[in-house]
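# Structure assessment
So you can see what is in the structure, the chains are spelled out below.
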Amino acid sequence: MAKSEMQNQVRRLRFENGELTQQQLADKVGVTRQTIIAIESGKYAPSLPLAFKIARTFEVPIENVFQYEGKDS
Amino acid sequence: MNRLQKIASYNLIVIAIVLIIVVLVVGLIYHSKGSQEARGAIGLAGLLGLVGLSGVLFRKKRGETDFDERDQLILRKSTAVAYSVFWVAWIAASMTIWAVLRRRGTVRVDILPIMVLIGGLVVVTVQSVAILIQYGWRGKDGEK
């Protein structure tokens, strides 16, 4: 899959939240570990519901987890 | 390697093994007994039905998430690619038969089943390759 224009802080937030493992985060949001790996490495841009689930898991606003780096228009 | 990758790999392995067996057996019979008997050996391609066992061999594990939105997207894209390739190949095969055999006015009875068999083979092969490419050939998708 192509690299997305999204940046994310998932890896950092995992470590700031009690060193949550990729598998633990995957179980909490209901996806596979592979998907968490793909999101962290920027290979996959998650759907909005999944992005919200991840943000809620870390108890932060969604924009603290995902940032859009593409052109505005 | 997740369930979808295992199924794709299994399908490709089965297809490769069956094709090798069919080519070897047909080749041997052709050289020893001639083309009429060799044609019957193409029936060995029925072993491709083993592809259908993938769903039983790689069952979903209880209570484990093994298929999510990303897998769904990969499967959908792979299926779209597979049917696009199939459609082009199917039209090309149909028009080739028409162009080559129309003057005879008849088409041999085994042409259509072979076309359907090859069509199915194209769909499963292209879909499986597309799945493996999208996950990354390494299988673990960069897992650390």
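A few words on the layout of surface pockets. Vacant regions in the atomic arrangement are exposed by a probe of water-molecule size rolled over the atoms. What the largest pocket holds in volume is close to 410 Å³. Around the largest pocket, the lining is made up of 18 residues, and of these B:Met1, B:Asn2, B:Glu64, B:Thr65 and B:Asp66 lie nearest the centre. Mapped by element, the contributors of at least two residues to the lining of the largest pocket are helix H2 (22–29) and helix H3 (33–40) of chain A together with helix H1 (3–33) of chain B. Considered class by class, the residues forming the lining of the largest pocket number 3 nonpolar, 6 polar and 9 charged.

Residues and elements named next belong to chain B. Tallying each qualifying case throughout the model produces 3 aromatic pairs over all chains. Relative to Phe-86, the ring of Tyr-83 lies with its centre 6.3 Å away and its plane at 75°, an arrangement referred to as edge-to-face. A residue pair is termed a helical-turn pair when its members lie 3 or 4 positions apart in one helix, as Tyr-83 and Phe-86 do in helix H4 (residues 69–101) at 3 residues. A residue is classified by how much of its surface remains accessible, and Tyr-83, at 47% relative accessible area, is partly exposed. Aromatic ring contacts, followed pair by pair, group Tyr-83, Phe-86 and Trp-90 into a single cluster.

Another aspect to go through is the side chain of B:Gln134. Summarising the element assignment, B:Gln134 is placed in helix H5 (residues 111–135). Of the polar contacts made by the side chain of B:Gln134, one reaches the side chain of B:Ser78; its length is 2.8 Å.

Residue and element names in this part refer to chain A. Evaluated as defined, the whole model comprises 3 salt bridges over all chains. In this structure, Arg-11 engages Glu-40 in a salt bridge whose closest nitrogen and oxygen atoms are separated by 3.5 Å. Of this pair, Arg-11 sits in helix H1 (residues 10–16) while Glu-40 sits in helix H3, and the two are 29 residues apart along the sequence. Classification of Glu-40 by relative accessible area gives buried; the value is 17%. With a closest N to O distance of 2.5 Å, Glu-40 and Arg-14 form a salt bridge. You can see Glu-40 sitting in helix H3 and its partner Arg-14 sitting in helix H1, a full 26 residues away along the chain. For Arg-14, a relative accessible area of 5% corresponds to the buried category. Within this structure, Arg-11, Arg-14 and Glu-40 form a network of salt bridges that share partners.

In an α-helix, one turn spans 3.6 residues, which is why side chains three or four residues apart end up on the same side. Here H5(B) contains 25 residues, and its C-alpha end-to-end distance of 36 Å stays within 8% of the 36 Å for a straight helix at 1.5 Å per residue. Considered for burial, the residues of H5(B) that qualify are B:Met115, B:Gly119, B:Leu121, B:Val123, B:Gln127, B:Ser128, B:Ala130, B:Ile131, B:Leu132, B:Gln134 and B:Tyr135. If you follow the buried residues of H5(B), they end up packed against H3 of chain A together with H1 and H4 of chain B.

All right, on to H2(A) then. Residue and element names in this part refer to chain A. Looking only at H2, the buried set comprises Gln-22, Leu-25, Ala-26 and Val-29. Looking down the long axis of H2, one finds its buried residues gathered within 100° of arc, a one-sided arrangement. Those residues of H2 that are exposed and angled more than 90 degrees off the buried face are Asp-27 and Lys-28. The inward-facing, buried residues of H2 contact H1, H3 and helix H4 (48–58). Following H2 by one or two positions, Gly-30 has its phi on the positive side, about 75°.

A few words now on the packing of H1(B) against H5(B). Residue and element names in this part refer to chain B. Where H1 meets H5, the axes come as close as 9 Å, and the angle between the chain directions of the two elements is 135°. By the angle class used here, H1 and H5 are oblique. Seen from above, H1 lies across H5 with left-handed handedness. Residues Leu-4, Gln-5, Ala-8, Ser-9, Asn-11, Leu-12, Ile-15 and Leu-19 of H1 form the contact with H5, whose own contacting residues are Leu-121, Val-124, Thr-125, Ser-128, Val-129, Ile-131, Leu-132 and Tyr-135. Taken together, the residues of the contact of H1 with H5 sort by class into 11 nonpolar, 5 polar and no charged.

Calculation notes
Residues numbered from 1 in each chain as written. Chains lettered and ligands numbered in written order. Predicted model: local features only at pLDDT ≥ 70, side-chain atom pairs only at ≥ 80, totals over all residues. Heavy atoms only, no water. 1 Å grid on protein atoms, 1.4 Å probe; cavity = no way out; pocket = protein on both sides within 12 Å on 5 of 7 lines; lining within 4 Å. Points joined across faces, edges and corners; volume = space filled by probe spheres on them. Helix = DSSP H or I, 4+ residues; strand = E, 2+ residues; numbered from the N terminus. Nonpolar A, V, L, I, M, F, W, Y, C, P; charged D, E, K, R; others polar. Phe/Tyr/Trp six-rings, centres within 6.5 Å; stacked < 30°, edge-to-face > 60°. Buried < 20%, exposed > 50% of the residue type's maximum accessible area, 1.4 Å probe, protein only. Polar contact = N/O pair within 3.5 Å; in protein donor to acceptor, adjacent residues only side chain to side chain. Salt bridge = Lys/Arg side-chain N within 4 Å of Asp/Glu carboxyl O. Expected span 1.5 Å × (residues − 1). Contact = heavy atoms within 4.5 Å. Arc of directions from axis to C-beta. Axes fitted to C-alpha atoms, helices over the stretch in contact; angles between N-to-C directions. Parallel < 35°, antiparallel > 145°, perpendicular 65-115°, else oblique. Left-handed = near helix turned anticlockwise from the far one by under 90°.

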